Amino acid sequence: MLRFFMTLSRKKGVHAPVLLRESVSFLAPHGDGLYVDATFGGGSYSVAILGAANCRVVGIDRDPAALVDGLIVTRQFPGRLTLIEGCFSNIAALLAARGLQTVDGVALDLGVSALQLDTPERGFSFLADGPLDMRMGRSELTAAEIVNTYAEPQLACIIRVLGEERLARRVARTIIAARPITRTIALAALIRRVVPRTSNGVDPATRTFQALRLCVNNEIEELNRVLIASEQILAPGGRLVVVAFHSLEDRIIKRFFRERAGNSPRVSRHRPETSCRRRHKYTFNILTTKIIRPSKEEILTNPRARSARLRAAERTTAPPWPSESPDRRRGLPWSVP
Ligand SMILES: C[S@@+](CC[C@H](N)C(=O)[O-])C[C@H]1O[C@@H](n2cnc3c(N)ncnc32)[C@H](O)[C@@H]1O
């Protein structure tokens, strides 16, 4: 398996980091600090943090191919960069296994890397032919399994909720009629037949591919869990910086920050405060009162930056809230595999 990922790591595109300067500035690394780059990818965030202060960084990625390439970066910063393979939802356990309990900052640059997107064999791209895989790491579920075995209502629900695709039912019906579908290009062509291109030129396959990728990698649950885990491991004054590319993810981050900072609006002023809000002290102060977006220049040089949004918050001294995922409380419409 590792040999497979090592082969993939040599076929990469170069990942152009998004909102890098702004993220490091909000993280505000200081000498002797310990920071987690929880989405190591091509390593640009780690390099920038290590360059900004004489600190230490733990780089986490679930993709073994990213870590194979990252070994070169560890040699540039002897003794200052540690790489760990794993899912960021397990950040607390991954650090504890190395004797680390608290950190001074956590950076999350969500989504796929160029290494993943530009390797057709990984199946993330609808522009290049590859198997319907989409796994970021060593998990079991593939996009092919979802596309070829899930029932129509479940498939439509995934495409509607995770892809925010209005025509989800039509897409699901078309997919089911064309089964088995094994290649990315074949799936993209099917979707383009039933979903019209929008005026902003976005490929009609974009939203369905996004939905499948989020589902394969359980990304919404991963995000919910890493936010809660970060609250537990950040030292007072420690910073959490998150760059998201989908409105779905950004809403989760916004709600979490607002809830934990005591800024979330009440559903109705006639309704009493929830017991959680009354019982717990606020664990974060929001640093980005206005959401941070890439500059026009960054979007021109890196079109992928177009949808990026950065939010940052600073940990207070209050104890963490009991660990219950906010979206679990609200209940997702299907159980994430
Ligand atoms: C957008 S890339 C990060 C790029 C990186 N910041 C850079 O500048 O090179 C996202 C990376 O996070 C990893 N990733 C996504 N979800 C993850 C998760 N739940 N746990 C660990 N790594 C994850 C992906 O494998 C990918 O390598």
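Residues numbered from 1 in each chain as written. Predicted model: local features only at pLDDT ≥ 70, side-chain atom pairs only at ≥ 80, totals over all residues. Heavy atoms only, no water.

### Here's the deal with the environment of Ala 53
Part 1 of the argument: Mapped onto the elements of the fold, Ala 53 is located in the loop between helix 3 (44-52) and strand 2 (56-61).
Part 2 of the argument: Classification of Ala 53 by relative accessible area gives buried; the value is 13%.
Part 3 of the argument: For the pair Ala 53 and Asp 32, spaced 21 residues apart in sequence, the C-alpha separation works out to 8.3 Å.
Part 4 of the argument: Apart from residues lying up to four places away in sequence, Ala 53 is in contact with Pro 29, His 30, Gly 31 and Arg 80. (Helix = DSSP H or I, 4+ residues; strand = E, 2+ residues; numbered from the N terminus. Buried < 20%, exposed > 50% of the residue type's maximum accessible area, 1.4 Å probe, protein only. Contact = heavy atoms within 4.5 Å.)

### Here we look at the site of the ligand
Part 1 of the argument: What surrounds the ligand is a group of 25 residues, the closest being Asp 61, Phe 88, Asp 109, Gln 116 and Glu 222.
Part 2 of the argument: Contacts to the ligand include Arg 62, whose backbone N or O atom sits 3.1 Å from a nitrogen atom.
Part 3 of the argument: Relative to its free-state accessible area of 600 Å², the ligand is covered by the protein chains to the extent of 99%. (Near = heavy atom within 4 Å. Polar contact = N/O pair within 3.5 Å; in protein donor to acceptor, adjacent residues only side chain to side chain. Areas by Shrake-Rupley, 256 points an atom, 1.4 Å probe, with all protein chains shown as cover.)

### Let's talk about the nonpolar core
Part 1 of the argument: Ile 91, Val 106, Leu 108, Ile 146, Leu 187 and Leu 240 are the most contacted members of the largest nonpolar core, which totals 68 residues.
Part 2 of the argument: Per element, the largest residue contribution to this core is 7 residues, and it comes from helix 12 (residues 219-233).
Part 3 of the argument: The two domains that each donate at least three residues to this core are domain 1 (2-109 + 219-330) and domain 2 (125-216).
Part 4 of the argument: When neighbours within four sequence positions are excluded, Leu 187 is seen to be in contact with Leu 132, Val 147, Ile 175, Ile 181, Phe 209 and Leu 212.
Part 5 of the argument: Grouped together as the second largest cluster of nonpolar side chains are 26 residues, Phe 26, Ile 49, Leu 83 and Phe 245 included. (Core = buried A, V, L, I, M, F, W, Y, C linked by side-chain atoms within 4.5 Å. Domains from an automatic or database assignment.)

### Some remarks on the layout of surface pockets
Part 1 of the argument: Roughly 1,100 Å³ of internal volume is contained in the largest pocket.
Part 2 of the argument: Lining the largest pocket we find 28 residues, and of these Thr 206, Gln 210, His 246, Arg 306 and Ser 307 sit closest to its centre.
Part 3 of the argument: With 5 residues, the single largest contributor to the lining of the largest pocket is helix 11 (residues 206-216).
Part 4 of the argument: Residues belonging to the lining of the largest pocket are distributed by class as follows: 10 nonpolar, 11 polar and 7 charged. (1 Å grid on protein atoms, 1.4 Å probe; cavity = no way out; pocket = protein on both sides within 12 Å on 5 of 7 lines; lining within 4 Å. Points joined across faces, edges and corners; volume = space filled by probe spheres on them. Nonpolar A, V, L, I, M, F, W, Y, C, P; charged D, E, K, R; others polar.)

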